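Observations on chain architecture
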Amino acid sequence: MSEALAPRAPEGSAQIALVPLRFGGWAMKGLLLDGDDKLTVRFEGIGTADWIEITALPRDAQGPVFRRLERCAVRYRGALVSRTPARREEVAALVLAVGGSIDALLARAPGKTIAEALGRSRERGKIVFGRDALRAMLSPEIVEGSPIAEGFALADVYPSSYLHHAHGDDLELILDFRRAEDGRRLLLVVRRRDDTRPAFATTAHLSLTHLSLGASDPPGADAVRALVAFVLDLRDHEGLTVEFPGVAADVAPALLPAPEPVPELPPNDEELNLAINADCEQSCAFCSIKETSPAEDGGDRALARLFADLDSNRRRGVRTVRINGYDPLAYSRILEVLGRARDLGYAEAHVFSPCTRLADPRFCDEVVRAMPPAGRFNVPLYSLRPEVHDKLVGRPGAHALVMRAIDNLEERLGPAGVWILIVATRENLADLAEVLAFADRRGFACYPHLPYPSFESRADRYFAAAPRMTDVADAIAAARRRGLRLAVQGLVPCVVLRRMRAEGAPLKAWLDVPDRKPPLPGTEYRDERFRHRADEAGHAAFHAAAVPCPHASRCVLAPACPGEVLRSYAEMYGLEELEAVSLKELVEAT
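Owing to the predicted nature of the structure, the values given are computational and were not obtained by experimental measurement.

1. Topic: the overall build of the protein chain
Check the secondary structure of the protein chain and you find 16 helices and 25 strands. Across the 590 residues that make up the protein chain, the buried fraction comes to 55%. Restricting to contacts in the protein chain with at least 6 residues of sequence separation, those with at least 24 account for 69%. Only carbon and sulfur atoms are counted for the fraction: they give 52% of the accessible area of the protein chain, which is about 25,000 Å².

2. A word on the sheet that holds strand β4 (residues 26-33)
Read from one edge to the other, the open sheet built from 6 strands follows the order β3-β4-β5-β6-β8-β7, with strand pairing classed as antiparallel. Single-partner strands in this sheet number two, and they are β3 (22-23) and β7 (67-68). The sheet contact formed by β3 and β4 spans 2 bridges and is antiparallel. Within β4, the position partnered with R22 by the bridge is A27. Contacts from helix α1 (residues 85-108) reach β3, β4, β5 (39-45), β6 (51-58), β7 and β8 (72-79) within the one sheet, and its direction differs from that of β8 by about 145°. Along the sheet face, helix α4 (residues 221-235) touches β4 and β5 and points at about 20° away from the line of β4.

3. Things to note about the nonpolar core
The biggest cluster of nonpolar side chains holds 100 residues, and the ones touching the most others in it are L310, L358 and I420. In this view, L310 contacts L272, L274, V321, V337, R340, A341, L344 and Y346; residues no more than four positions away in its chain are not counted. If you look at the next biggest cluster of nonpolar residues, it comprises 64 residues, including L39, I102, L206 and A229.

4. What to know about helix α9 (residues 386-393)
Along an α-helix, residues three or four apart share an orientation, since each turn contains 3.6 residues. For α9, the set of buried residues is V388, H389, D390, L392 and V393. Buried residues in α9 make contact with β20 (374-380) and α10 (398-413). After α9 finishes, the residue G394 shows a positive phi value of roughly 70°.

5. Quick word on the sheet that holds strand β15 (residues 206-211)
With antiparallel pairing, 6 strands are arranged side by side in an open sheet as β10-β11-β12-β13-β15-β14. A strand with exactly one partner marks an edge of an open sheet, and here the two such strands are β10 (147-149) and β14 (201-202). Sheet topology note: the strand β11 (residues 152-159)/strand β12 (residues 173-179) ladder contains 7 bridges and is antiparallel. Across the sheet, the residue bridging to Y158 is I174, located in β12. Here helix α3 (residues 131-138) sits on the sheet and contacts β11, β12, β13 (185-192) and β15; the angle it forms with β11, its principal contact strand, is near 155°. α4 contacts β10, β11, β12, β13, β14 and β15 of the sheet and is inclined by roughly 25° relative to β13.

6. Things to note about the packing of α9 against α10
If you want to describe how two helices pack, look at the angle between their axes and the distance between the axes. Two numbers describe how α9 lies on α10: the axes approach to 8 Å, and their chain directions differ by 105°. Taken as axis vectors, α9 and α10 run roughly perpendicular relative to one another. Contacts from P386, H389, D390 and V393 of α9 reach α10 at A398, H399 and V402. Class assignment of the residues belonging to the contact of α9 with α10 gives a composition of 4 nonpolar, 2 polar and 1 charged.

7. Some details on the pattern of salt bridges
Taken as a whole and assessed by the stated rule, the structure comprises 39 salt bridges. Of the charged contacts in the structure, one is a salt bridge between R185 and D176, with a shortest N-O distance of 2.6 Å. The exposure class of R185 is buried, given its relative accessible area of 9%. The class for D176 is buried, based on a relative accessible area of 0%. Of the charged contacts, one joins E336 and R333 as a salt bridge, the two residues approaching to 2.4 Å between their closest N and O atoms. Among the charged side chains, a network of salt bridges with common partners joins R42, E44, E53 and R77.

8. A few points about a nonpolar patch on the surface
Taken together, V556, L583 and V587 make up a surface patch of nonpolar side chains, about 270 Å² in accessible area. Along the chain, V587 turns up in helix α16 (residues 583-589).

9. Let's talk about the packing of aromatic side chains
Applying the stated rule across the entire model yields 7 aromatic pairs. Centre to centre, the rings of F66 and Y76 are 5.6 Å apart; their planes meet at 70°, and the pair counts as edge-to-face. One end of the pair, F66, is in the loop between β6 and β7; the other, Y76, is in strand β8, and 10 residues separate them in sequence. On the basis of relative accessibility, which here comes to 40%, the residue Y76 falls in the partly exposed class. Their ring planes at 20° and their centres at 4.9 Å tell us that W419 and Y447 sit as a pair that is stacked. With W419 in strand β21 (residues 418-423) and Y447 in strand β22 (residues 445-449), this residue pair connects regions lying 28 residues apart in the sequence. Given a relative accessible area of 23%, W419 falls into the partly exposed group.

What counts and what doesn't
Residues numbered from 1 in each chain as written. Predicted model: local features only at pLDDT ≥ 70, side-chain atom pairs only at ≥ 80, totals over all residues. Heavy atoms only, no water. Helix = DSSP H or I, 4+ residues; strand = E, 2+ residues; numbered from the N terminus. Buried < 20%, exposed > 50% of the residue type's maximum accessible area, 1.4 Å probe, protein only. Contact = heavy atoms within 4.5 Å. Areas by Shrake-Rupley, 256 points an atom, 1.4 Å probe, with all protein chains shown as cover. Pairing = 2+ DSSP bridges. Axes fitted to C-alpha atoms, helices over the stretch in contact; angles between N-to-C directions. Core = buried A, V, L, I, M, F, W, Y, C linked by side-chain atoms within 4.5 Å. Parallel < 35°, antiparallel > 145°, perpendicular 65-115°, else oblique. Nonpolar A, V, L, I, M, F, W, Y, C, P; charged D, E, K, R; others polar. Salt bridge = Lys/Arg side-chain N within 4 Å of Asp/Glu carboxyl O. Patch = residues over 30% accessible without salt bridge, like charges linked within 9 Å, V, L, I, M, F, W, Y side chains within 5 Å. Phe/Tyr/Trp six-rings, centres within 6.5 Å; stacked < 30°, edge-to-face > 60°.

Structural data, given as structure tokens:
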């Protein structure tokens with residue numbers, strides 16, 4: 001918050017903005033301005049059912065008040081489970097902290113109403129809704145890079161880009177808040193007010209909704225939402241005329257035939273993840289996502305949003321783009337998307353697709369020509385046996401198409417341009433070693449991983465497809481006997497250690513210790529290096545729920561382990577397979 005609106009915090013409170021955000025055992029949950037001279041602030045007890053609503057009024061307000069200060073009065077109402085003298089004293093201190101904040105603001109704005117002292121403006125005029133207009137409405141209280149609550153700071157403002165969650169042609173904008181301390185994010189959607197759609201807050205012309213990132217709210221989330229809603233309510237009013245342009249209007253420069261030159265910025269290791277959900281024509285045994293979000297092409301409307309994301313992220317210095325989704329290569333405008341990335345100066349493109357369309361050599365040529373200089377295709381191959389692969393993907397003939405696509409890609413890009421992906425399921429554990437041997441013979445990188453749920457429900461296909469980790473360890477042992485080193489992402493090393501010890505395999509023959517903790521499949525997008533198209537929280541940026549390993553704090557393999565297990569796996573198989581490994585056991589295994 002700006003210094004002008006942030007008086008010094010009272011003793012024992014957290015950073016304050018307009019009013020204290022946290023005070024003792026209380027956290028601010030809501031701000032409401034009723035008219036020009038009545039501000040109500042709601043606090044809830046941290047870890048309790050207690051709540052307090054504190055109202056600031058003009059000093060000469062009629063009726064009972066708790067205290068009349070120099071320039072305002074305060075009253076409160078609430079509910080306390082415990083009414084001890086200490087708790088009552090804490091409540092009184094909180095009420096006075098709020099009153100003191102408003103009193104200090106009024107001292108800097110003599111003759112103004114509470115709303116005016118807080119920054120309310122009722123000037124008539126016209127604005128065009130867009131990134132710059134929204135930033136102006138939030139400023140000076142909320143500006144990029146300045147923490148506002150519990151360490152959360154506005155990181156970026158950008159168009160909502162996820163087609164399946166778009167409800168019209170109007171531009172919608174995302175406020176992307178991030179906390180450097182732990183990488184947590186909050187995504188708020190700001191759009192034209194529509195009282196038929198749910199929103200956590202509305203102003204005269206705007207609606208605000210919150211996108212979940214698949215995890216519970218972190219501390220400070222309520223305060224961030226309340227402050228954003230409050231500041232927008234200060235600036236938005238019936239006297240304004242707000243024009244809401246179509247999606248493409250915000251990105252008009254990006255739709256020109258030749259993109260504007262992008263200035264070189266310092267090297268950036270972030271990756272833009274674009275989810276393009278054109279139909280993959282498959283129905284994989286481990287994937288339920290299309291059951292909740294049907295595939296759709298999107299055409300020109302999706303293209304405008306994709307161009308916007310490519311343009312804005314390239315200007316931030318991002319040089320790598322991940323082309324992801326159901327089958328992005330089936331999107332009707334995919335060649336334009338790839339060409340746009342190349343022309344904007346992206347250095348790398350990583351394509352995640354079933355790749356069956358690349359069995360057509362002419363289409364493969366067109367895709368490779370359109371891409372940025374360094375192209376890589378992540379090709380799913382679940383078995384060398386056609387009947388097993390086709391059964392897993394639910395499409396007869398898919399295996400033959402994938403094998404032709406691999407040949408086409410190798411011919412055009414060499415082995416480095418092909419990465420083989422394997423999802424380890426109950427159906428194909430016996431096939432993992434064969435796929436790995438195939439990749440080794442051809443010089444391809446190979447990345448097997450465990451499946452993860454598409455949504456947290458017993459109805460998800462994950463529950464029918466996911467193998468026990470002990471059985472995967474058996475497959476690793478079988479591969480080792482053939483001289484192959486098979487590593488499966490998501491498999492905890494303590495399970496492998498027990499199997500390798502029985503096999504008589506030395507530690508160095510199977511254990512990899514990465515530079516940082518390996519993520520569980522389904523949780524990769526927690527990593528802050530990935531930037532997502534705005535509205536992808538519920539799908540492409542899905543975070544599968546996980547539970548911590550109960551032995552992580554006393555296991556010497558912790559640096560090589562995710563330290564957690566998917567919640568769905570724990571629900572299905574329990575955690576009995578997990579055991580802490582002692583230093584003695586590790587030395588003996590070595």
